Amino acid sequence: MRTTEQGMTLLEVLLAVLVVAIGMFAAAALQLRALQASDTARRDGQAAWLAYSQREQARAAADAPRRSTLGLQRRGQP
């Protein structure tokens, strides 16, 4: 009597589906973390740009009176 295996058992199929599902959930979790990190980086970049812009505006406002007096002195005016 000769026995040959043909195909897969139901248990093997269920285990394969389980392994694939776990892999898909892990990939989805990694994607979610990547999106959160990207959003955090975008917010940090905007905050840095805003801080730099405000610092430059404050510096320009502080230098404005000195520039105007230097310009007047160069022209020979008091």
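Residues numbered from 1 in each chain as written. Predicted model: local features only at pLDDT ≥ 70, side-chain atom pairs only at ≥ 80, totals over all residues. Heavy atoms only, no water.

### Looking at the overall build of the protein
Inference 1: A count of helices and strands for the protein gives one helix and zero strands.
Inference 2: Burial analysis of the protein (78 residues in total) assigns 1% to the buried set.
Inference 3: Of the roughly 7,500 Å² that the protein leaves accessible, carbon and sulfur atoms contribute 63%. (Helix = DSSP H or I, 4+ residues; strand = E, 2+ residues; numbered from the N terminus. Buried < 20%, exposed > 50% of the residue type's maximum accessible area, 1.4 Å probe, protein only. Areas by Shrake-Rupley, 256 points an atom, 1.4 Å probe, with all protein chains shown as cover.)

### Here's the deal with the pattern of salt bridges
Inference 1: A full pass over the atoms with the stated rule returns four salt bridges.
Inference 2: Among the ionic pairs, D39 bridges to R43, the shortest N-O distance being 3.3 Å. Taken together, the residues D39 and R43, both in helix α1 (residues 10-74) and four residues apart, mark about one turn of the helix.
Inference 3: Note that E56 and R55 form a salt bridge whose closest N and O atoms lie 4.0 Å from each other.
Inference 4: For R55, a relative accessible area of 52% translates into the label exposed. (Salt bridge = Lys/Arg side-chain N within 4 Å of Asp/Glu carboxyl O.)

### Here we look at a nonpolar patch on the surface
Inference 1: There is a patch of nonpolar side chains on the surface, built from L11, L15, L18 and I22 and spanning about 410 Å² of accessible area.
Inference 2: Tracing the backbone shows L18 in helix α1.
Inference 3: Here L18 falls in the partly exposed class, since its relative accessible area comes to 47%. (Patch = residues over 30% accessible without salt bridge, like charges linked within 9 Å, V, L, I, M, F, W, Y side chains within 5 Å.)

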